[in-house]
Amino acid sequence: MGLPLVLLLLLPAVLPARCCEPPEGSAGAVRALSARLLGLAGVPERDPDPAVYLALRLAREHHPRLERRYLERLQEAFQHPFGRSLQDHGRWDAEHSMSAAEPPHTGRLALYLLGLRATCPTHRPHRSLVTWLKYYLEEDWTGSRRHGHPLTNYYQYGLGVLALCVHHKRVREEVIRRLLTAQHHGRLGHSGSAVDTEAVVALAFTCLERRRLVGTELAAELRAAAHRASRSMAEAQGPDGIIGNIYSTPWALQVFLATGMCQTEPAFGHAMAALLDNLEAFSTAATMAQVLPVLHGRSYLDIASLHCQEEPDTLTPLDVEALAEGASPGSKTVQLVVECPLPWCYDLKLYDRLVPVPAAASLLDVLQAAAALEPHDFSFHTQDTFQGPFLTEVLGLEARQKKRNYWQLLTAPNISLQMGEWWVGVPGEVAGVPHSPMAAVSPQTVVPLSTGIADYRPQDKEILILRLSEW
Ligand code: B12
């Protein structure tokens, strides 16, 4: 027999909170990352991102003036669409063509409301904002009943519930139960990766339970569900300490922090060490914003309990542009393949060419080079997001949000460059579609990229596949 149950339950309360923070030796690196994010936040050309504001507010060191300025920019950006009451909605709809086809802004508004809860001094959000979020959440809920999934995605649905909870607003039980059911049936993930979404949902459950916003029976179910989620994340940890991929690992850590499991769960320390070993992977504002809260030992649940008077005014911004690397000399050749395994495509492999590019080229540079080489044969479009450019269209084929299509980015790192002899794919993945020509390629040889087109730098002779997929 191990420790009696009651002792195990009490353990988080008696152990010092410090063990949930990264080791002292990492303070310099964490501080530098915070300073870099502050530097990026000061660039006026970048649209303000509520997730960046949250990361600045959840840090242990601050620059109050720059944080205030960033908040003002956020308020300007959000005031226009959400400053009006829901009653004016119809009028606004007509005026600004927020068409019915556009998905609700659940995630964005949720992050903004979380940001408003983290301000110093505390800011009471305008009532219309909360009403708007409730409205979007209801739209997502209705969508999930109709289509089996929210109109946005479960990550944003989870963020919506979390934001309302942090503001101590009640959510209908049915809306919460939708998340419980989705978690229970393993429907939270996309493309085999669910950690980020599972984590956001577990944070929402923990918040609802802690803040006593639900009855005792539901509270017990939510506690059990959050516990199950943390357990499955700990079990999903690889030998390198990573949970899911490097970008989802911070989300798993937020759950360990929020549930108090950080004090007893060995996976917490391993995952923290993995993050600290791979800090260079967090090079964009969006990824920095997702990792910094846990590097400061905090989760989104701590937003409601920040102590303004204890915040040291000691952080100075680091000019990130000054750190930009010089271009490395030389060149490389990348094999670019476009596949459409969906039933309505006329062919499986639509494009397959070698593209010569400079040695430091990103996948975005490869796409631009291919389009410049053969403008009639290759074209693509992107859409700007906080994560960077999102690939929306290739060879005139648009991936549609409504149909849940997207252009998936894959690499085939173990296959040597042999034009025309192979078919890069997962045999049997798409039923009823002719797979030819096809060599026996094992499923492991094709790996989804964990970064977007602007951040991924392929190796010389690497094969990159753009595959129209469903999620
Ligand atoms: C849902 C989701 C998707 C959905 C988005 C569709 C939809 N309408 O919901 C789908 C399945 C299409 C998707 C695709 C991809 N995704 Co994704 N996605 C997410 C997830 C879970 C939530 C995004 C969200 O709703 N955010 C909240 C809203 C409020 O913010 P937003 O900025 O408005 O969100 C939009 C963008 O984030 C965009 N988007 C989604 N993923 C990605 C990835 C990149 C690189 C870019 C530029 C934009 C983008 O779609 C969102 C909805 O419109 C995040 C998890 C996370 N931790 O952020 C991962 C995440 C952002 N995705 C990621 C990745 C790697 C991808 C892919 C590159 C995977 C691949 N190998 O193909 C592709 C993008 C390829 C392309 N065409 O450019 C990484 C990005 C890591 C990084 N280094 O920046 C994340 C962090 C997951 C992870 N842990 O690895 N994704």
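Residues numbered from 1 in each chain as written. Predicted model: local features only at pLDDT ≥ 70, side-chain atom pairs only at ≥ 80, totals over all residues. Heavy atoms only, no water.

The name given to the protein in an unreviewed UniProt entry is Transcobalamin-2, with Cyanoderma ruficeps as the source organism. Entered under Sequence similarities (unreviewed entry) in the UniProt record, the comment concerning the protein runs "Belongs to the eukaryotic cobalamin transport proteins family." Quoted verbatim from the Subcellular location (unreviewed entry) field of the UniProt record, the comment on the protein reads "Secreted". (UniProt positions renumbered as here; feature names shortened; annotations may be inferred.)

Chemist: Please give an account of the UniProt feature "binding site: cyanocob(III)alamin" (unreviewed entry) in the protein that cites residues and values.
Modeler: Here the UniProt-annotated "binding site: cyanocob(III)alamin" (unreviewed entry) positions come out as T152, N153, Y154, Y155, Q156, D196, N245, Q290, W407, Q408, L409 and L417. Looking at the element boundaries, Y155 is found in helix α8 (residues 154-166). When near neighbours in sequence (up to four residues on either side) are disregarded, Y155 contacts D196, T197, V200, W251 and Q290. (Helix = DSSP H or I, 4+ residues; strand = E, 2+ residues; numbered from the N terminus. Contact = heavy atoms within 4.5 Å.)

Chemist: Would you mind going over unusual backbone geometry in detail, with residue names and values included?
Modeler: In this model, C120 is joined to P121 through a cis peptide bond whose omega is -5°. Here P121 lies in the loop between α6 (106-117) and α7 (127-147). Here the phi dihedral of R212 falls at roughly 50°; this positive angle occurs in a residue that is not glycine. You can call R212 exposed: its relative accessible area is 69%. (Buried < 20%, exposed > 50% of the residue type's maximum accessible area, 1.4 Å probe, protein only.)

Chemist: Tell me what's going on with the state of the cysteines, and back it up with residues and numbers.
Modeler: Scanning the model with the defined rule gives four disulfides in all. With its sulfur 2.0 Å from that of its partner, C20 forms a disulfide with C262. For the disulfide bridge between C20 and C262, the dihedral angle about the S-S bond is near 80°, and by the sign convention the bridge is right-handed. Taken together, the residues C20 in the loop between α1 (5-14) and α2 (27-41) and C262 in the loop between α12 (249-259) and α13 (266-277) connect sequence positions 242 residues apart. The two residues C20 and C262 agree in class, both being buried. (Disulfide = S-S within 2.5 Å.)

Chemist: Any details on the packing of aromatic side chains? Residues and values, ideally.
Modeler: Taken as a whole, this structure holds ten aromatic pairs when the rule is applied. An angle of 35° between the planes, with centres 5.5 Å apart, marks the rings of W132 and Y136 as tilted. Taken together, the residues W132 and Y136, both in helix α7 and four residues apart, mark about one turn of the helix. Here W132 and Y136 have matching classes, each one buried. (Phe/Tyr/Trp six-rings, centres within 6.5 Å; stacked < 30°, edge-to-face > 60°.)

Chemist: An account of the site of the ligand is needed here, citing residue identities and associated values.
Modeler: Near the ligand, the surroundings consist of 31 residues, among which R108, N153, D196, N245 and Q401 are the closest. R108 is positioned such that a nitrogen or oxygen atom in its side chain is 2.6 Å from an oxygen atom of the ligand. Measuring from a nitrogen atom of the ligand, one finds a side-chain N or O atom of Q290 at 2.8 Å. Contributions of two or more residues to the shell around the ligand are made by α6, α8, α10 (195-210), α14 (285-295), β4 (388-394) and β6 (405-411). Across the shell around the ligand, the residue classes tally to twelve nonpolar, 17 polar and two charged. (Near = heavy atom within 4 Å. Polar contact = N/O pair within 3.5 Å; in protein donor to acceptor, adjacent residues only side chain to side chain. Nonpolar A, V, L, I, M, F, W, Y, C, P; charged D, E, K, R; others polar.)

Chemist: Please give an account of α13 that cites residues and values.
Modeler: With twelve residues, α13 should reach 16 Å at 1.5 Å per residue; the first-to-last C-alpha distance of 17 Å fits that figure. Burial in α13 covers these residues: A267, F268, A271, M272, A274, L275 and L276. Among the structural elements, α2, α11 (216-235), α12 and α14 are those in contact with the buried residues of α13. (Expected span 1.5 Å × (residues − 1).)

Chemist: I'd like to hear about the sheet that holds strand β5 (residues 397-398), residue by residue, with values.
Modeler: Ordered in space as β3-β4-β5, the three strands form an open sheet in which the pairing is antiparallel. Single-partner strands in this sheet number two, and they are β3 (380-385) and β5. Bridge analysis of β3 against β4 gives six bridges, and the strand direction is antiparallel. Note that in β4 the partner of F380 across the bridge is V394. (Pairing = 2+ DSSP bridges.)

Chemist: Provide a residue-level description of the packing of α8 against α10, including the pertinent values.
Modeler: The interhelical angle for the contact between α8 and α10, taken along N-to-C directions, is 25°, at an axis separation of 8 Å. Judged by the inter-axis angle, α8 sits roughly parallel to α10. The way α8 lies across α10 gives a crossing that is left-handed. Contacts from Y154, Y155, G158, L159, V161, L162, C165 and V166 of α8 reach α10 at D196, T197, V200, V201, L203, A204, C207 and L208. The class makeup of the residues in the contact of α8 with α10 is 13 nonpolar, two polar and one charged. (Axes fitted to C-alpha atoms, helices over the stretch in contact; angles between N-to-C directions. Parallel < 35°, antiparallel > 145°, perpendicular 65-115°, else oblique. Left-handed = near helix turned anticlockwise from the far one by under 90°.)

Chemist: Mind laying out the pattern of salt bridges, listing which residues take part and the relevant values?
Modeler: The full count for this structure, using the stated rule, is 19 salt bridges. For E311, the salt bridge identified is with R57, shortest N-O distance 2.8 Å. Of this pair, E311 sits in the loop between α14 and β1 (331-339) while R57 is found in helix α3 (residues 50-57), placing the two residues 254 residues apart along the sequence. On the accessibility criterion, R57 (2% relative accessible area) is buried. Between R231 and E265 there is a salt bridge, with its nearest N and O atoms 2.9 Å apart. (Salt bridge = Lys/Arg side-chain N within 4 Å of Asp/Glu carboxyl O.)

Chemist: Please provide a residue-by-residue account of the sheet that holds strand β2 (residues 349-358), values included.
Modeler: Backbone hydrogen bonds hold the strands of a sheet together, and the pairing may be parallel or antiparallel. Pairing is mixed in the open sheet, where five strands are placed in the order β2-β1-β8-β6-β7. The two strands at the open ends of the sheet, each matched to only one other strand, are β2 and β7 (447-448). Across two bridges, β6 lies against β7 in antiparallel orientation. Bridging across to β7, L410 finds its partner in P448. Here helix α15 (residues 363-373) sits on the sheet in contact with β1, β2, β6 and β8 (463-470), set at roughly 105° to β2.

Chemist: Any details on the pairing of β1? Residues and values, ideally.
Modeler: Among the nine residues that make up β1, seven are buried, leaving the element largely enclosed by the rest of the structure. As paired strands, β1 and β8 are joined by five bridges and run parallel to one another. Looking at the pairing, V337 lines up with I465 of β8.

Chemist: Kindly report on α8, identifying the contributing residues and their values.
Modeler: Across its 13 residues, α8 extends 18 Å between first and last C-alpha, which sits within 8% of the 18 Å expected from 1.5 Å per residue. Among the 13 residues in α8, twelve count as buried, and that is most of the element. Looking at α8, one finds that the buried residues are Y154, Y155, Y157, G158, L159, G160, V161, L162, A163, L164, C165 and V166. Backbone geometry just after α8 places H168 at a positive phi near 60°.

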